[in-house]
Amino acid sequence: MRHKKTTTILLLIVASLLSIIFLLPLVWMILTSFKTLSDSLESASLLPKSWTLENYRLILNASSESPLIRWLLNTTIVTVLGTLLVLFVDVLAAYALARLQIPGRKIILAIVVIALTIPGIVTLFPAFYLFREAELLDSYVPLIVPYAAGTLGVFLIYNFLRTFPKDLEEAAYLDGANQWQVLTKVILPTLRPIITTLGIVTFLAIYNDFLWPSLVTNEAEMKTMTLGIATLVQGSNFVNPAAMMASTVIATLPALLLFIWANRYFVKGITHSGLK
Amino acid sequence: MYLTRRSRWFGLLFLLPFLICFVLFWLLPLVYGIWMSLHDFRLSFGENGFVGLSNYRDLLFNETVHQRLFLATLTNTLWFMLYSVPLLVICSLLLALLIRHLPRRFKTFFRTIFFMSYSISVTAVSAIYLWLFATNGGFINRLLLDLHFINSPVNWTSDQPFAWVVIVIATVWWTVGFNMLLFLNALEEVDNTLYEAASLDGASPWQQFLRITLPTIRPITFFVLITTLIASFNLYGQTLLITRGGPEQSTTSLIMGINTTVFGQNQLGMGAAMALLMGFIMMIITGMQFFVSYMATKKEPVLAKSVTQKKTTSSATDITLKSDAEKERKIT
């Protein structure tokens, strides 16, 4: 038994050391954002010599070049609306495919599965060209709507529904409910776990997407945070690590806090997505 | 029964929103992309004549600038996969094993820490690592200079092999937590009595790992391997921002190559062909997953039998029950 205790303590020490390594880049980012420019370039110490808010003032004042608040707002709009749209569209479609015996059901299902195996990169550039031709670049439309074309959600919810007994729904139909009522009152509550999973996976995918938004947006005002940070890295802030880190703090902190707060759901969402 | 003919057509209404999005933003671009790849298609003024398969020939068989770019960036991406994928799979498994063996109340804490960096976008990750490893004024160089480990600054992001080192470190730090979660979930599902029975039978921890843990997590390991291969194949943000594809284009990834073709060289048709070839390679990788899991389900009955035979000999299960009871007593 003593042997087991020492092992546990040893493992805890290893885990703590690894945690320090994992946290170091984040700690460095936060502390550097409070350093003066010369301090951030010359000091090998993590802690600032003197704490300053100058970097944040600089970044937030340069709003024509780097409208961070606007980018944060764009990211919120795009990820929230995009995720809701995907959930809405996919639940309706999966419900129709699993329950409503619609004409052409088998063919549509086959297409859904085939589409699942084709990587996104093949549609990216033509889709960009089509949006350019439609003069919809630099708008919210290409940043939100194309995510609803993904078939993963339809596939996941369809599979979930297929294994679910129909008794409750049939009882509801006998009581005189129509398809819409059955969907919202009977099906939706049972879909909770799979909707959480799909919601988390979709949210992360849209939030992290970089290549697609970089194709369809040019104007600073329309950029998402992910895209905006890339502009800063490639632009004038390149010479000022302290200001750069102040921007990344503003960019990462909201997501980081959301992540820690809803950690349980993220974990559940990701582990379930891997097993289906 | 309750589904009349009319209501079957009415059901199509439910499918309609998805169908519209799917056709407009997936099917149409897919078909259009294939069509583009068969034409001399310019980004600036559109279609410029049918060329058949000549874009593909130029990429695969003819010695052209496009072939050089395609093969060079494909090779770079494959090197990155070779460096990053084993690390991402092995490190995540080790982290998951570590967390599994921690006392229950510490598990969530460490799991959150190792997984936290996944919530940061690729561009912010790049910004952080770019400045941690900057040649002049970078924190790592400052630290190494002050500790006298080096005499002059290392060109982390502009000399090889350091450039790959930085890219791989950033990628591992960023995404290892994701794989870890998948492993952790699989590990927690392994029947604990198997370990207890094995240790009572005198199996060492290493033997337990080889004989119990590895066989049970094999399916998820394969899933992690394939998804990591695909993710690494999609390398873009890190090399665009941290190394800018350098030094001498040695970290220019395939997607960066396609981007250059489309936007730098105005060749949308050629870029579409490159993207289709890239997609084709990725489909082969995922095809491997389907093939292997199909073979596994065919073999499964045999495998499962041998596993149970090995681990649940009658005496071991009896003792396991007893040791469980003992454990409960200790807690109360």
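Residues numbered from 1 in each chain as written. Chains lettered and ligands numbered in written order. Predicted model: local features only at pLDDT ≥ 70, side-chain atom pairs only at ≥ 80, totals over all residues. Heavy atoms only, no water.

**Details of the overall build of chain A**
Defined as follows: For helices the rule is a DSSP run of H or I covering at least 4 residues; for strands it is a run of E covering at least 2, with both sets numbered from the N terminus onward. Each radius of gyration is computed over the set of C-alpha atoms, and the globule rule expresses the reference value as 2.2 Å times the number of residues to the power 0.38. A simple rule labels every residue: compare its accessible area, found with a 1.4 Å probe on the protein chains alone, to the largest value its type can have, and call it buried under 20%, exposed over 50%, or partly exposed in between. Two residues qualify as a contact provided that any one of their heavy atoms is within 4.5 Å of a heavy atom in the partner residue. Under the convention used here, a 1.4 Å probe and the Shrake-Rupley method define accessible areas, while residue burial counts only the protein chains that appear. When charges are counted, Lys and Arg contribute as positive and Asp and Glu as negative, whereas His and the chain ends are disregarded. Think of each charge as sitting on NZ of Lys, CZ of Arg, CG of Asp or CD of Glu.
Within chain A, the secondary structure is distributed over 15 helices and zero strands. Its C-alpha atoms give chain A a radius of gyration of 24 Å, more than 25% over the compact-globule value 19 Å for 276 residues. On the principal axes, the C-alpha backbone points of chain A span a range of 75 × 70 × 35 Å. Here chain A, with 276 residues, has 51% of them falling under the buried criterion. Looking at chain A alone, contacts between residues at least 24 apart form 72% of all its contacts between residues at least 6 apart. Taken as a whole, chain A presents about 12,800 Å² of accessible surface, with 69% of it coming from carbon and sulfur. Charged side chains of chain A number 19 positive and 15 negative; the gap between the two group centres comes to 16 Å.

**Side note on the pattern of salt bridges**
What counts is decided by this rule: Should a side-chain nitrogen of Lys or Arg be within 4 Å of a carboxyl oxygen of Asp or Glu, the pair is scored as a salt bridge.
Across all of its chains, the model carries six salt bridges over all chains by this definition. Among the ionic pairs, Arg-57 of chain A bridges to Glu-54 of chain A, the shortest N-O distance being 3.0 Å. Taken together, the positions of Arg-57 of chain A and Glu-54 of chain A, both in helix H3 (residues 54–61) and three residues apart, correspond to about one turn of that helix. Assessed through its relative accessible area of 48%, Arg-57 of chain A is described here as partly exposed. Judged by relative accessible area, Glu-54 of chain A falls into the partly exposed class, the value being 37%. For Lys-107 of chain B, the salt bridge identified is with Glu-188 of chain B, shortest N-O distance 3.6 Å.

**Some details on the domain arrangement of chain A**
This is how the line gets drawn: Note: domain ranges come from an automatic or database domain assignment.
As far as domains go, chain A holds domain 1 (2–60) and domain 2 (67–234). On a C-alpha basis, the centroid separation for the pair domain 1 of chain A and domain 2 of chain A is 37 Å.

**Structural notes on the packing of aromatic side chains**
Residues and elements named next belong to chain B. Which entries qualify depends on this criterion: Only Phe, Tyr and Trp rings take part, Trp by its six-membered ring, and two of them pair if their centres are within 6.5 Å. Stacked means planes under 30 degrees apart, edge-to-face means over 60, and tilted covers everything else.
Inspection of the entire model under this criterion finds 34 aromatic pairs over all chains. Their ring planes at 70° and their centres at 5.2 Å tell us that Phe-133 and Trp-156 sit as a pair that is edge-to-face. With Phe-133 in the loop between helix H5 (122–132) and helix H6 (139–146) and Trp-156 in the loop between H6 and helix H7 (162–188), this pair connects stretches of sequence that are 23 residues apart. Overall, Phe-133 belongs to the buried group, its relative accessible area being 8%. Its relative accessible area of 12% is what places Trp-156 among the buried residues. One aromatic cluster is present, built from ring pairs that chain together Tyr-129, Phe-133, Trp-156, Phe-162 and Trp-173.

**Digging into the interface of chain B and chain A**
Our working definition: In short, buried area is how much 1.4 Å probe accessible area vanishes from two parts on joining, totalled over both. Polar contact is defined as a pair of N or O atoms within 3.5 Å, subject to the rule that within protein one atom must be able to donate a hydrogen and the other to accept it, and that residues adjacent in sequence are counted only when both atoms are side-chain atoms. Amino acids outside the nonpolar list (Ala, Val, Leu, Ile, Met, Phe, Trp, Tyr, Cys, Pro) and the charged list (Asp, Glu, Lys, Arg) are all regarded as polar, and Gly is one of them.
Listed per partner, the contact involves 91 residues of chain B and 97 residues of chain A. A combined buried area of about 8,400 Å² lies between chain B and chain A, and 80% of that area is made up of carbon and sulfur atoms. Three residues stand out in chain B for area buried against chain A, namely Phe-14, Phe-18 and Trp-131 of chain B, and they jointly supply 10% of the buried area on that side. Remark: the boundary between chain B and chain A carries zero salt bridges. Summed over the shared surface of chain B and chain A, the number is seven residue pairs in polar contact (both at pLDDT 80 or more). Sort the elements by how many residues they give to the side of chain B that touches chain A and helix H1 (residues 5–37) of chain B lands first, with 20 residues. Per-class residue counts for the side of chain B that touches chain A are 65 nonpolar, 19 polar and seven charged.

**A look at the nonpolar core**
For clarity, the cut-off: To form a nonpolar core, buried Ala, Val, Leu, Ile, Met, Phe, Trp, Tyr and Cys residues must be joined to one another through side-chain atoms within 4.5 Å.
Core analysis: the largest hydrophobic core is formed by 180 residues, its most contacted members being Tyr-95, Ile-121 and Trp-212 of chain A together with Phe-115 and Tyr-129 of chain B. Among the elements that take part in this core, H7 of chain B stands out by supplying 16 residues, more than any other. Counting contributing residues, this core receives three or more from each of domain 1 (2–60) and domain 2 (67–234) of chain A. Val-190, Leu-194, Tyr-195 and Ala-198 of chain B belong to the second-largest nonpolar core, a separate cluster that totals five residues.

**Points about the packing of helix H14 (residues 241–261) of chain A against H5 of chain B**
For clarity, the cut-off: Angles shown run from 0 to 180 degrees and are taken between the N-to-C directions of axes, each axis being a line fitted to C-alpha atoms and, for helices, limited to the stretch in contact. Any angle that is under 35 degrees is reported as roughly parallel, and any over 145 degrees as roughly antiparallel; angles of 65 to 115 degrees are reported as roughly perpendicular and all others as oblique. Crossing handedness is defined as follows: a turn of the near helix away from the far one that is anticlockwise and smaller than a right angle gives a left-handed crossing, while the clockwise case is right-handed.
Close contact between H14 of chain A and H5 of chain B brings their axes to 10 Å; oriented N to C, the two are set at 150°. Regarding the angle of H14 of chain A to H5 of chain B, the classification is roughly antiparallel. Here H14 of chain A and H5 of chain B pass one another in a crossing that is left-handed. Each of Pro-241, Met-244, Met-245, Thr-248 and Thr-252 of chain A in H14 of chain A lies in contact with H5 of chain B, whose residues at this interface are Ala-124, Ala-127, Ile-128 and Trp-131 of chain B. Here the contact of H14 of chain A with H5 of chain B is built from residues that sort into seven nonpolar, two polar and no charged.

**Notes on the side chain of Thr-151 of chain A**
In this structure, Thr-151 of chain A sits in the loop between helix H7 (140–144) and helix H8 (152–162). Setting aside chain neighbours within four positions, we find Thr-151 of chain A in contact with Val-112, Ala-115 and Leu-116 of chain A together with Phe-18 and Phe-22 of chain B.

**A few points about the packing of H8 of chain A against helix H11 (residues 192–208) of chain A**
All names here are of chain A. Two numbers describe how H8 lies on H11: the axes approach to 10 Å, and their chain directions differ by 165°. Comparing their axes, H11 and H8 come out roughly antiparallel. Pair H8 / H11 crosses with right-handed handedness. Contacts between H8 and H11 involve Gly-153, Leu-156, Ile-157 and Phe-160 from the first element and Pro-193, Ile-194 and Leu-198 from the second. For the contact of H8 with H11, a count of residues per class yields six nonpolar, one polar and no charged.

**Brief notes about the pairing of strand E2 (residues 46–50) of chain B**
Residues and elements named next belong to chain B. The line we're drawing: By definition, two strands form a pair when at least two bridges between them are found by DSSP.
Of the pairings in the sheet, the one linking strand E1 (residues 39–42) to E2 comprises three bridges and is antiparallel in character. Paired with Arg-42 across the two strands is Gly-46, which belongs to E2. Between E1 and the antiparallel strand that follows it, E2, lie three residues.

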